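# Commentary on secondary and tertiary structure
Spelled out from the first residue to the last, the chains are:
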Amino acid sequence: MKAAYRFFDNPRVTEHSVLAGHFAATAARVAASEGPILILQDTTEFIYSRAHGQNRLHQNQQRRALQGRAAPTC
């Protein structure tokens with residue numbers, strides 16, 4: 001982890017230089033394509049922190065399943 005922080009804190013390391021290879025490979029694949037190109041976007045967001053009691057929906061579903069009742073589906 002310390003090495004990663006040092007790497008990203010280095011002023012010679014830029015987002016552009018890290019992604020340059022990816023950009024070049026993507027441009028080559030686009031140039032080689034003969035058909036339409038779909039550009040899809042995933043707008044999923046992850047929140048890894050969990051406050052106390054935030055997992056109550058899951059706990060309630062487990063309790064219903066143990067009691068033999070079906071849990072509601074979303």
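Residues numbered from 1 in each chain as written. Predicted model: local features only at pLDDT ≥ 70, side-chain atom pairs only at ≥ 80, totals over all residues. Heavy atoms only, no water.

### Section: the overall build of the protein
A count of helical and extended segments in the protein gives 3 helices and 0 strands. Listed by position from the N terminus, the elements making up the protein come as α-α-α. Counting across all 74 residues of the protein, residues that qualify as buried make up 1%. Of the roughly 7500 Å² that the protein leaves accessible, carbon and sulfur atoms contribute 58%. (Helix = DSSP H or I, 4+ residues; strand = E, 2+ residues; numbered from the N terminus. Buried < 20%, exposed > 50% of the residue type's maximum accessible area, 1.4 Å probe, protein only. Areas by Shrake-Rupley, 256 points an atom, 1.4 Å probe, with all protein chains shown as cover.)

### Topic: the packing of aromatic side chains
The relation between two aromatic rings is expressed through the spacing of the ring centres and the mutual angle of the planes. The full count for this structure, using the stated rule, is 1 aromatic pair. With centroids separated by 5.0 Å and ring planes inclined at 75°, the aromatic side chains of Phe7 and Phe8 adopt a geometry described as edge-to-face. Under the relative-accessibility criterion, Phe8 is labelled exposed at 56%. (Phe/Tyr/Trp six-rings, centres within 6.5 Å; stacked < 30°, edge-to-face > 60°.)

### Description of helix H2 (residues 15-32)
Since there are 3.6 residues in each turn of an α-helix, residues three or four apart along the chain are aligned in direction. Its 18 residues give H2 an end-to-end C-alpha distance of 26 Å, which sits within 8% of 26 Å, the value for a rise of 1.5 Å per residue. Remark: the principal bend of H2, roughly 40°, maps to Gly21. (Expected span 1.5 Å × (residues − 1). Bend = angle between axes of the 7 residues up to and from the residue.)

### Quick word on a nonpolar patch on the surface
Together, Phe7, Phe8, Val18, Leu19 and Phe23 make up an exposed nonpolar region whose accessible area comes to about 480 Å². With 3 residues, the top contributor of residues to the nonpolar patch is H2. Topologically, Val18 is positioned in helix H2. Exposure remark for Val18: the relative accessible area of 45% places this residue in the partly exposed category. (Patch = residues over 30% accessible without salt bridge, like charges linked within 9 Å, V, L, I, M, F, W, Y side chains within 5 Å. Salt bridge = Lys/Arg side-chain N within 4 Å of Asp/Glu carboxyl O.)

### Looking at the confidence of the model for the protein
Looking at the protein as a whole, the pLDDT averages 79, with 69% of positions reaching at least 70. Mean pLDDT per element in the protein: helix H3 (residues 56-66) is the minimum at 67, and H2 is the maximum at 92. (pLDDT = per-residue confidence, 0-100.)

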